[in-house]
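The residues making up each chain are set out below.
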2 protein chains.
Amino acid sequence: MKLSDAVSAQAPLVRRLLDGVATIGADPPGITRDAYGRGENEAQALIAEAGRALGMTPSIDAGANLSLRWDSGRDAPPVLIGSHLDSVVQGGNFDGAAGVIAGIGAVAALQAAGLAPKRDIEVLALRCEEAVWFGLGLIGSRSLLARLPAGALELPHARSGLTLAQSIDRCGGHSARLRENTPLRDPRSLGAYLEVHIEQAPQLVEANAPVAVCLANPGNVRHPFIRITGEDAHTGLPHRFRRDAALAGADLSLALERLWLEEEAEGRPMAVTIGRFHTTAARHSLTAVSGGFELSLDLRAYDAAHLAALEKRLDEIAARVAARRNVEIVLGERSAASPGPMDPAIVKGFSAAARRCGIEAPRLNSPGSHDANNFAAAGVPTGMLLVRNRNGSHNPHEAMDTPDLMAAIGVLAEFLTA
Amino acid sequence: MKLSDAVSAQAPLVRRLLDGVATIGADPPGITRDAYGRGENEAQALIAEAGRALGMTPSIDAGANLSLRWDSGRDAPPVLIGSHLDSVVQGGNFDGAAGVIAGIGAVAALQAAGLAPKRDIEVLALRCEEAVWFGLGLIGSRSLLARLPAGALELPHARSGLTLAQSIDRCGGHSARLRENTPLRDPRSLGAYLEVHIEQAPQLVEANAPVAVCLANPGNVRHPFIRITGEDAHTGLPHRFRRDAALAGADLSLALERLWLEEEAEGRPMAVTIGRFHTTAARHSLTAVSGGFELSLDLRAYDAAHLAALEKRLDEIAARVAARRNVEIVLGERSAASPGPMDPAIVKGFSAAARRCGIEAPRLNSPGSHDANNFAAAGVPTGMLLVRNRNGSHNPHEAMDTPDLMAAIGVLAEFLTA
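Treat the numbers as computed from the prediction; the structure is a model and nothing was measured.

Cut-off values and rules
Residues take numbers from 1 onward in each chain, read along the sequence in its written order. Throughout, the order in which chains and ligands are written sets their labels, letters from A for the former and numbers from 1 for the latter. It should be noted that, the model being predicted, local features are given only for residues of pLDDT at least 70 and side-chain atom pairs only at 80 or more, the latter also being counted only at that level, while totals for whole chains, interfaces and linings use all residues. As a rule here, side-chain values cover all heavy atoms of the structure and leave hydrogens and water aside. Least-squares superposition of the copies uses the C-alpha atoms of those residues scoring a pLDDT of at least 70 in each of them. We call two residues in contact whenever any of their non-hydrogen atoms come within 4.5 Å of each other. One requirement defines pairing of two strands: DSSP has to find at least two bridges between them. Numbering of helices and strands runs from the N terminus; a helix is a DSSP stretch of H or I covering at least four residues, while a strand is a stretch of E covering at least two. Angles run from 0 to 180 degrees between N-to-C directions of axes, and those axes are lines fitted to C-alpha atoms, restricted for helices to the stretch in contact. Throughout the structure description, domain borders are defined by an automatic or database domain assignment. Here the quantity called buried area is the accessible surface, traced with a 1.4 Å probe, that two parts lose on coming together, added over both. Within 6.5 Å between ring centres, the rings of Phe, Tyr and Trp (the latter by its six-membered ring) count as paired, and their orientation is classed by plane angle as stacked under 30 degrees, edge-to-face over 60, tilted in between. Accessible area is worked out with a 1.4 Å probe on protein chains only. A residue is then buried under 20% of its type maximum, exposed over 50%, and partly exposed in between. A helix is expected to reach a length of 1.5 Å times the quantity of its residues less one. Polar contact is defined as a pair of N or O atoms within 3.5 Å, subject to the rule that within protein one atom must be able to donate a hydrogen and the other to accept it, and that residues adjacent in sequence are counted only when both atoms are side-chain atoms. Salt bridges are defined by distance alone: a side-chain nitrogen of Lys or Arg within 4 Å of a carboxyl oxygen of Asp or Glu.

Student: Can you help me understand the relation of the copies chain A and chain B in this one?
Tutor: Note: a rotation about an axis with an accompanying shift along it relates these two copies of the chain. The two copies are related by a screw motion: chain A maps onto chain B through a turn of 179° and a shift of 0.2 Å along the axis, at an RMSD of 0.3 Å. Accordingly, the operation relating the two chain copies is best matched by a two-fold axis. Both copies share a contact surface, since 100% of the interface residues of chain A are interface residues in chain B too.

Here it is in structure tokens:
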């Protein structure tokens, strides 16, 4: 059977698996598959069963991640195809699960086309990619690659209250091994890490293309608790005397937005997100100038040097606003994640595979971070395909059409034959 | 005794009354005199006692306001000297009380100088000027002049939970009379309303003068619950797709601030205060674009036509921000208060009296609204003296020096002799 026909023939399998994980996660109007809980566990069992039906060998690593290996009988570094099965609370069905199912679909297509793997192909269902469960994301890939931050194993699960260590052990993992802080798989022994993921901004909807080849995942610098301190005052205070912390917050946020737009205009992609942005509820009054203000900041970019430059700009902008507004701005607690550049050879290979499938796949930066970041940071050649999706992710209205996922599976399968 | 000496001789009385109301309101580190509660009631009793000692006749009106009348035996429209005795929670000692005490001090000085009143002089302690107790301010003067908004008598007291009607009746008022909605005193029968009040912005500190003659009190338009609706989204959403309600709020607030500064530069005084300014706490996330934002707005100006023009500008600015940011802005609930222009003859008279006292009193707009607004709006010739005060009001750090209040008492007494 021609590979393209073999891919098309997997549509019923792909639909069955998508419907299966949707049923497992059903939490109307959205989908909730809790990490290390019933949702993720049952989805993992469904995927394991599908892998076994394809003759793949399941195994669970010390991080409780599932691997399904299609043995090539050859001694070459394996290709990993990974994503995650957990979701946010009241999320959609496709963020994560579509990528794992794409791996299964690609293996099934190659088999149906009668093609033998040139090296072992492993489909990975990585644990707990979403940050909602422990206030920390990408936990499966962090576990695998010894990239858990200190104290992570003691974090409590938002729903069960169990620590991460207890959660991993309950799901067949071995948290004590993770404390050794050495990778479960030597990154140098891994040939590639590939990930299919729905897009999280409607760039492909806009470009009218089913699939994109990802160029990079962003890294970030985060300040979850920026504090601005001015002075509480009466409405009657003239402007020249005010030390209005809320307006300083407005000023800071719009200055950061201008920075974003200027950088993008210069061809340096990045993003600024201010999730919390608020006066102090306990001191709210219609007729009071706010002496206190808080905000959170997520600054992301695709290149470590760019991110470092942006952080310097952030310091300058905050100092300028503080001086102009006569307030104090304390950026406070800081966390950072490395950017995840994709491997140029894989980018080229994906593009060539897409052309062979008759798809003009644009090359795009992913706006979100993914497990791929950890593999890229660990030195594993990494590539991602993004699938068209309306309405963003992390909400019940995610809308990926199965034919678009089939197109991505086609590109992935084609790439694996090269 | 010369009037100036007679004024100076009242310093011990004034100090005793200031200390007395401070003791009544003691709530370290500030002062709390609750309206229609122990604080305001005991302060009223202290003032009534001081008035009786000066031979003044006390009476309580249907709004439970205290009047102390110094009878002239003449049939001329009386001069009222009013202010209030309540405070905000953890406020200072002088916002309100200093004005009532100034009235007592002026009467005592005139008597000590052996001067008879040319018309009846009444010192008024108006109830519940502060908006914190019922979410509505200036209640004493509203009661007196039939300017209570519909439903006001059913509002619950923030501390006791009693309705305003019950609160008034408990304090010797007669709320049923207020329901008739006709003034307790015919405004045409009142010769003048005078009020001494601490300044609420350090304009006199800056000008290095003890007393100012007030030109006008601002009116306001208030929108306590402005709502901005955009769309919640993932950090990954590129700028062009975002409908960020928080940044729209930042944009709106800074546009209103620019309007303020432009108007003032053109010589049209006003103020913009945004007391609440916040994303929705229940949906806070470091990595989410905020689809919802709320703010409160207090817009004030000194002239009804200016205020109306500003309200039009507010509508235009909100529409422009909504269009630019692709969000919905609903201004929602609106309340308004009329500006309180001071009577030009009284302004002139106060200035002349100050000169006779050897004081160069600047003429200033009051940044805050006062009971005087209601008298001015009812057509009573109204005048105010502002007393130097550091650190604003509505906080424990109010700092008026007694000699400055004595200077205001001197100007007031001098004015009353003319």
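We are not done yet, so read on.
Student: Even after reading the chapter, I still don't get the sheet that holds strand S19 (residues 363-364) of chain A, so can you show me in this structure?
Tutor: Residues and elements named next belong to chain A. The 8 strands lie next to each other as S3-S4-S6-S5-S7-S20-S8-S19, forming an open sheet whose pairing is mixed. If you trace the sheet from one side to the other, it starts and ends with strand S3 (57-60) and S19, each paired once. Across 6 bridges, the pairing between strand S5 (residues 79-84) and strand S6 (residues 121-126) is parallel. Bridged to Val79 within S6 is Ile121. Lying over the sheet, helix H3 (residues 38-53) contacts S3, strand S4 (66-70) and S6, oriented at roughly 10° with respect to S4.

Student: Would you take a moment to explain the domain arrangement of chain A for this structure?
Tutor: For an interface, size is often stated in terms of accessible area lost upon the parts coming together. Residue and element names in this part refer to chain A. When the domains of chain A are assigned, the result is domain 1 (3-218 + 339-417) and domain 2 (219-337). Between the C-alpha centres of domain 1 and domain 2 there is a distance of 35 Å. The partner domain 2 presents 10 residues to the 9 residues of domain 1 that form the contact. When domain 1 packs against domain 2, close to 670 Å² is buried across both sides, 58% of that on carbon and sulfur atoms. Among the residues domain 1 hides against domain 2, the three largest losses belong to Pro218, Pro339 and Asn365. Together they make up 68% of the total.

Student: How should I be thinking about the packing of aromatic side chains in this particular structure?
Tutor: One pass over the full model with this rule turns up 11 aromatic pairs over all chains. Both rings, one in Phe277 of chain A and one in Phe277 of chain B, keep their centres 5.8 Å apart while their planes meet at 55°; by these two values the pair is tilted. Taken together, the positions of Phe277 of chain A in strand S13 (residues 277-279) and Phe277 of chain B in strand S13 (residues 277-279) put the pair across two chains. An angle of 85° between the planes, with centres 4.9 Å apart, marks the rings of Phe277 of chain B and Phe293 of chain B as edge-to-face.

Student: Looking at this model, I keep getting lost on the pairing of strand S15 (residues 292-301) of chain B. Mind explaining?
Tutor: On a regular strand, each side chain points to the face opposite its neighbour's, so the side chains alternate between the two faces of the sheet. All names here are of chain B. Within S15, 10 of the 10 residues are buried, leaving the element largely enclosed by the surrounding structure. The side-chain alternation of S15 yields two buried faces, one formed by Gly292, Glu294, Ser296, Asp298 and Arg300 and the other by Phe293, Leu295, Leu297, Leu299 and Ala301. As paired elements, strand S10 (residues 219-229) and S15 share 9 bridges and run antiparallel to each other. Among the inter-strand pairings, Arg227 is bridged to a residue of S15, identified as Glu294. Of the strand pairs in this sheet, strand S12 (residues 270-273) and S15 are connected by 4 bridges, and their pairing is antiparallel. Following the sheet pairing, Ala271 is matched in S15 by Arg300.

Student: Help me out: how do you make sense of helix H9 (residues 245-265) of chain B in this one?
Tutor: Note on helix geometry: an α-helix contains 3.6 residues per turn, so any two residues three or four positions apart are oriented the same way. Residue and element names in this part refer to chain B. The end-to-end C-alpha separation of H9 is 30 Å, in line with the 30 Å expected for 21 residues at 1.5 Å each. The buried fraction of H9 amounts to 16 of the 21 residues, a majority that puts the element mostly inside the structure. Where H9 begins, one side-chain oxygen reaches toward the backbone nitrogen of Ala246, 2.9 Å away; that side chain belongs to Asp244. Positive phi shows up at Gly267, right after H9, with a value of about 85°.

Student: Which parts of the structure should I look at to understand the pattern of salt bridges?
Tutor: Side chains bearing opposite charge may pair, as long as their charged atoms lie close to each other. Residues and elements named next belong to chain B. A full pass over the atoms with the stated rule returns 48 salt bridges over all chains. Residue Arg38 pairs with Glu42 through a salt bridge whose shortest N-O separation is 3.0 Å. Linking Arg38 with Glu42, this pair stays in helix H3 (residues 38-53), spanning 4 residues, or about one helical turn. Residue Glu42 is classed as partly exposed on the basis of its relative accessible area, which comes to 36%.

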